[in-house]
Amino acid sequence: MAMATHDSGARWKTFLSEAKEQEITLLLSRQTASPVIDVSFHELTGFDPEFAEEILISPRLIISSGHKILSEICRDRGVDLDAMIRLSDLPKDTMRPLREIGSRDIDKLRSLDVIVTKMSQLKPRIHLAVFQCENCGETQQIDQTNESELVEPIRCPPDTGCGASIRGNDSTRFNLVMNISRMINNQWLEIQELPENVPSGAQPSRAQVLLEGDLVNKHLPGQRITANVIPVVRSEIKKNKKTPMFDIIYHMVSSTHESVPFTEIKISDEERAQIEDVAATDNLLQLMGNSIAPSIFANDKLRLIKRSLVLQLFGGVRRKTSDNNYLRGDIHILLMGDPGVAKSQLLNYMSNISPRGKFATGGGTTGAGLTAAAIRDTFGDGRFALEAGVLPLSDRGLAAIDEFDKISNEDKGSMHPAMEQQRIYVAKGGITATLPARCAILAAANPKGGRFSNRNENSSIMTSFEETGLPYPLASRFDLLWLIRDETETNTDTKIARHILNIRTSSVNENRSQDIDFETEREEGDNIFSTGVDGKKHLTMEFLRKYVAFAKRNYFPNLNEKAKLAIEEYYVSVRNDTAKQDRSAGAFENESEKDRVIPITARAIEALIRLTEAHARMHLKQVADETDANVALAVYKHWRDDSRIEDEAELQSGLSASKRNINQSIRKIIREICEERGGEAEITLIYNRARDFGIVESQVDDVISSMSINGEIYTPRGGTYRFAR
Ligand code: ADP
Ligand code: MG
C-alpha cells in the first residue's frame, strides 16, 4: 500500500484543518442542510498532489477515512455528527463511457455522463453497526461498507472484552444494538448512458447506483448528470449460490447536474462562424424548410408543414411569471394523416435532428409509457421505484410520438397537464415527485377508421381530430394541428412517384444504415450544404443539428413593441370580423353565451409569441421584431385557413362551430316558426325547414331534447313546441 494511503488519516487532518476551517465552522454551527463538506479534487491537488493521486487509486479507503477524520474533528469540538466529504471536480481522465467500464475500473474513481431513468424509495441502512457480546456485554463497532450483507463480528476483542469467538467451546453470540448503531438513508438510481453516445442500433447500457446521505433525492428520473462513482463488484447469485461472475454496481461519490443544456453537442469556432454565415442568408426559412426530411417530397401543404416544423425545432422561450408559474416556450404540433403520407418519416427525421430528440410509438411504449410509472421491484427489493417515461427523458429536447392515437388511457390523462405545465407530477407507490418534461411534442395520429373520411369543404380540422379518437381538450394543447390527406392529384402523384424513384435508385449511401432515407447527395467536401434529388439546396443533418443547439443555447429573444403590436392587431381584427359577421347574420341577441363563436383565444396569442420567438432564434437574434412576428402570423394564418378554424373554443370542447351553428340554426328556425304561427312550432314544420339547411331529423331531435331539458322550450300539445319565455 502506498505511503499516502496508510497515513491518509493524518493527511486529511492536515488538509481539513488548514484548508477547510471555514466550512468546518459552518458545519459545527449546524446551519448547513446536511453535514457535508465539498472538496474539489483540484483544490486537493494544489494542497497535496501525492495524496490526491492516491485517492484516484484507493478511493474507497481514503474517502471513508476522510469521513471518519471529519467526524472526529467535529466530535473533538463537541458536536456529534456523521460528517461526510464529497469529492467533486474530478480530473477529465476519470471520465468513461458506461459501456466500457470493466475489470480495470473496479474500485477506482470514475466519472460517467448519464441520464437517470429510475429512482427507488428511500431505505435506511446501517453504516456503523454496534454489536454486543452476549458473554461479557462488551460492544464493538463494525463499518458496513457492503450494502448487500451485514458484516458481523467473529470474536470479542480480547483486550477490552472476553475474547470469545462465535465458534469453539466457550462460544458467544453477538447482538446488533440498533439504538446506538448509526443509520443513513440510501437510495438506488438506475442510470443509462446518454442516448447520443449510444452507437447506432445498440441498446444503451444501464447500471445501478447506490447513493446515500445528502445525495438521496437529489436527482430525479430524466435528469442528465455527471456521476462520480466507484464501481464495485458483487457476486452474481444463481440458484442461491455465488458464482465466479460479478455484477458491477456503483457507489456514488458526488454528482453534478448539468447547468448548460446541449453541452453534448460540440461546436468549434469554425462551425460557429459557419452557423453565423448561414444565419445571414436570404430566405433562411425556405432553406431550413428544404432541410427538413429532404427526401420527402413536399407539395404546397407539406412545404408549409415543414416550415412549421422548423419553427418547432428552434422553439420559443420558456418564461417564469411573477407568480412562479412557467409559460412554455416549446411548440407542440400534431400531424394527422392518412396512412402512407410520410408522417412517421417526418417524425423520425425530427427526432434525429433535434438535440435530445426521442422517437416513441404511442402504442408501443413499454414500462413507464410517455410520462412516468411507479414500478415494483426494479431494484430487487420488492419496493416501488419511479421510472421516467418518454417525456421526462426528452427534457429540453423534442419528443416525437408516432401513433399518438394509440397511447394508453393513463397517458391520455396525464398528457394534458404534461404538455402545458411541462412537469409530470407522480404520487404512486409511496413516491411523490415532480419530473420536468420541458420538451416540444410532435405527435402523429391516424384515424380510427383507417382513413380520414372526406370532410366537406367547410368543416374544420376538429372533424378529423374527432376521427382519431383523442380526447378533445388535448387538441387545444397543440399550437398547430395539421391534416395530411392522401389525395389523388395527378400532378403531385407524378412528382412524388418520380421523386421516390429518384431516391430509391440513386446510387449513393448504400452503406449508410440509419441515414439512408434522410441524406441525399452531399456536395463534395462540404459538410454544410447538400442537394436533394429535387435539385434543391439544403443543410446537412449534422450541421442543422449543431445550428439548432447553438441557437437554443445562446438565444432567448424577447418581442419588441412592434412585434407585440403586430400580434395584437391581428388578434383584435379576427375578433372584430367575427363580431360583425354575427351581427349581419342576424344572430339572436339572447343566444346563450356558450353558443357564441369565439374566433380566437388567448391560446393563439401564446402560440404566436412562441412562433415569433422561434423565428427570431432561427435568425440568431436576441430581439424578435415585426418581421419575425409577420412570418409567425403568416404561418399561423395559413394554418387557420387550411384548418378552417373559425371557432377556437372548439379545440377545447370538441363541439365544432358547425355543430354549434346547427344549434343556432335550429333555434332560429323554431323562433321564426313561432313568430309566424302565434308562438307555437310544429315538429314537422321544423324538420322541413331544417332539411333546407341540410340538417337531418336526428340532429333536430338532439337539439330539441337538450332545449327541453334546459327548460328553454316546452310542449303545450304533442308535437308542438313553445319558448318558455
Ligand atoms: P405514415 O406514417 O404517414 O403512414 P410513412 O412515413 O410510413 O407514412 O411513409 C410511407 C412511405 O411512403 C415511406 O417510405 C415514405 O418515404 C413514402 N412517402 C410517402 N409520402 C412521400 C412523399 N411525399 N415523398 C417521399 N416519400 C413519401
Ligand atoms: Mg406511420
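Look a little higher up for the structure.
Residues numbered from 1 in each chain as written. Chains lettered and ligands numbered in written order. Predicted model: local features only at pLDDT ≥ 70, side-chain atom pairs only at ≥ 80, totals over all residues. Heavy atoms only, no water.

A. Fine view of the overall build of the protein chain. Along the protein chain, the regular secondary structure elements total 22 helices and 29 strands. Sequence separation of at least 24 residues holds for 68% of the intrachain contacts in the protein chain that already meet a minimum separation of 6. Carbon and sulfur atoms make up 48% of the accessible area of the protein chain, which totals about 34600 Å². (Helix = DSSP H or I, 4+ residues; strand = E, 2+ residues; numbered from the N terminus. Contact = heavy atoms within 4.5 Å. Areas by Shrake-Rupley, 256 points an atom, 1.4 Å probe, with all protein chains shown as cover.)

B. Structural detail: unusual backbone geometry. Look at Asp-107: it is not a glycine, yet its phi comes out positive at around 65°. The partly exposed category is assigned to Asp-107, whose relative accessible area is 30%. We note that Ala-342 has phi near 80°; this positive angle belongs to a residue other than glycine. Its place among the elements puts Ala-342 in the loop between strand S13 (333-337) and helix H10 (343-353). Ala-342 sits in the partly exposed class, given a relative accessible area of 21%. (Buried < 20%, exposed > 50% of the residue type's maximum accessible area, 1.4 Å probe, protein only.)

C. Quick look at the site of ligand 1. Lining the immediate environment of ligand 1, one finds 15 residues, of which Phe-297, Gly-340, Lys-343, Ser-344 and Gln-345 sit closest. The contact in question runs from an oxygen atom of ligand 1 to an N or O atom on the side chain of Lys-343, over 2.8 Å. Compared with its free state, where it exposes 570 Å², ligand 1 has 75% of that area covered by protein. Taken together, the elements giving at least two residues each to the shell around ligand 1 come down to H10 and helix H14 (490-505). In terms of residue count, the dominant contributor to the shell around ligand 1 is H14 (four residues). Classifying every residue of the shell around ligand 1 by side-chain character gives seven nonpolar, five polar and three charged. (Near = heavy atom within 4 Å. Polar contact = N/O pair within 3.5 Å; in protein donor to acceptor, adjacent residues only side chain to side chain. Nonpolar A, V, L, I, M, F, W, Y, C, P; charged D, E, K, R; others polar.)

D. Region of interest: the packing of aromatic side chains. Summed over the entire model, instances satisfying the criterion amount to eight aromatic pairs. Ring geometry for Phe-15 versus Phe-47: centroids 5.2 Å apart, planes at 75°, classification edge-to-face. A residue pair is termed long-range when its members are at least 10 positions apart, and Phe-15 in helix H2 (residues 8-19) and Phe-47 in helix H4 (residues 41-47) qualify at 32 residues. The class of Phe-47 is partly exposed, set by a relative accessible area of 34%. Taken together, Trp-12, Phe-15, Phe-47 and Phe-51 form an aromatic cluster joined through their ring pairs. Sitting above the plane of the Phe-529 ring, Lys-537 keeps its charged end 4.2 Å from the centroid. Looking at Arg-671, its charged tip hangs above the ring of Phe-723, at a distance of 4.3 Å from the centre. (Phe/Tyr/Trp six-rings, centres within 6.5 Å; stacked < 30°, edge-to-face > 60°. Lys NZ or Arg CZ within 6 Å of the ring centre and 35° of its normal.)

E. Structural context of the pairing of strand S5 (residues 139-143). Here S5 shows one buried face, formed by Gln-140 and Ile-142, and one open face, formed by Thr-139, Gln-141 and Asp-143. Linking strand S4 (residues 123-133) back to S5 in an antiparallel pair, the connection comprises five residues, with Gly-137 at a positive phi of about 85°. (Pairing = 2+ DSSP bridges.)

F. Highlighting the nonpolar core. By size, the foremost hydrophobic cluster in this structure holds 133 residues, and its most contacted members are Ile-292, Phe-314, Leu-391, Phe-404, Met-415 and Tyr-547. Sequence-distant contacts of Leu-391, defined by excluding residues within four places in its chain, comprise Leu-370, Thr-371, Ala-399, Ile-401, Met-415, Ala-418, Ile-424, Ala-437, Cys-439 and Ile-441. Core analysis: the next-biggest nonpolar cluster, separate from the first, contains 35 residues, Leu-27, Ile-73, Cys-74 and Leu-90 among them. (Core = buried A, V, L, I, M, F, W, Y, C linked by side-chain atoms within 4.5 Å.)

G. Looking closely at the sheet that holds strand S29 (residues 720-723). The strand order across the open sheet formed by three strands is S27-S29-S28, and the pairing between neighbours is antiparallel. Edge positions in the sheet fall to strand S27 (681-682) and strand S28 (713-714), since each of these pairs with one other strand and no more. Here two bridges tie S28 to S29, and the two strands are oriented antiparallel to one another. Bridging across to S29, Tyr-714 finds its partner in Arg-722.

H. Looking closely at the pairing of strand S10 (residues 241-257). One ladder, built from two bridges, connects strand S8 (residues 206-212) with S10; its direction is parallel. Its bridge partner being in S10, Val-209 is matched across the sheet by Tyr-250. The pairing of strand S9 (residues 224-238) with S10 spans 13 bridges and is antiparallel. What sits directly across from Val-233, in S10, is Ile-248. Counting the residues that bridge the hairpin from S9 to S10 gives two residues, and of these Lys-239 lies at a positive phi of roughly 45°.

I. Main features of the sheet that holds strand S17 (residues 398-402). Spatially, five strands are ordered S14-S17-S20-S13-S21 in an open sheet, and the strand pairing comes out parallel. In this open sheet, the two strands that pair with only one neighbour each are strand S14 (357-361) and strand S21 (480-484). When the angles between neighbouring strand axes are averaged without regard to direction, this sheet yields 15°. Bridging between S17 and strand S20 (residues 440-445) involves four bridges; their strand directions are parallel. Looking at the pairing, Ala-400 lines up with Leu-442 of S20. Strand contacts of H10: S13, S14, S17, S20 and S21, with the helix running at about 160° to S17, the strand carrying the most contacts. (Axes fitted to C-alpha atoms, helices over the stretch in contact; angles between N-to-C directions.)

J. Fine view of the side chain of Ser-120. Relative to the helices and strands, Ser-120 resides in strand S3 (residues 110-120). For Ser-120, a relative accessible area of 4% translates into the label buried.

K. Examining the environment of Pro-153 more closely. Counting through the fold element by element, Pro-153 comes out in the loop between S5 and strand S6 (174-176). Exposure remark for Pro-153: the relative accessible area of 6% places this residue in the buried category. Distance in space between the C-alpha atoms of Pro-153 and Arg-173 is 9.0 Å, their sequence separation being 20 residues. The contact partners of Pro-153, leaving out residues within four places of it in the chain, are Phe-131, Gln-140, Ile-142, Ile-166 and Phe-174.

L. Layout of the pattern of salt bridges. With the rule as written, the count across this model stands at 41 salt bridges. Notably, a salt bridge pairs Arg-182 with Asp-82, separated by 3.4 Å at the nearest N-O pair. Highlighted residues: Arg-182 in strand S7 (residues 182-193) and Asp-82 in the loop between helix H6 (59-76) and strand S2 (84-88), separated in sequence by 100 residues. For Arg-173, the salt bridge identified is with Glu-134, shortest N-O distance 3.5 Å. Remark: Glu-134 occurs in the loop between S4 and S5 and Arg-173 occurs in the loop between S5 and S6; sequence separation between them is 39 residues. If you follow the salt bridges from partner to partner, you end up with Arg-328, Glu-420, Arg-477, Asp-479 and Arg-610 in one network. (Salt bridge = Lys/Arg side-chain N within 4 Å of Asp/Glu carboxyl O.)

M. Highlighting the packing of helix H21 (residues 683-692) against helix H22 (residues 697-710). Between H21 and H22, the least distance of the axes is 9 Å, while the angle of their chain directions is 125°. Overall, the two elements H21 and H22 adopt an arrangement that is oblique. In terms of crossing hand, the pair formed by H21 and H22 is right-handed. Contacts between H21 and H22 involve Ile-683, Ile-686, Tyr-687, Ala-690 and Arg-691 on the former and, on the latter, Glu-697, Val-700, Asp-701 and Ile-704. Taken together, the residues of the contact of H21 with H22 sort by class into six nonpolar, no polar and three charged. (Parallel < 35°, antiparallel > 145°, perpendicular 65-115°, else oblique. Left-handed = near helix turned anticlockwise from the far one by under 90°.)

N. Structural context of helix H9 (residues 300-314). The terminal C-alpha atoms of H9, which comprises 15 residues, lie 22 Å apart, in line with the 21 Å expected from a rise of 1.5 Å per residue. Of the residues making up H9, those classed as buried are Leu-302, Leu-304, Ile-305, Lys-306, Ser-308, Leu-309, Val-310, Leu-311, Gln-312, Leu-313 and Phe-314. Remark: Gly-315 follows H9 within two positions and exhibits a positive phi of approximately 75°. (Expected span 1.5 Å × (residues − 1).)

O. The arrangement of helix H13 (residues 461-468) in detail. Within H13, six of the eight residues are buried, which leaves the element mostly enclosed by the surrounding structure. Listed in full, the buried residues belonging to H13 are Ile-461, Met-462, Ser-464, Phe-465, Glu-467 and Thr-468. Looking at the residues trailing H13, positive phi occurs at Gly-469, about 80°.

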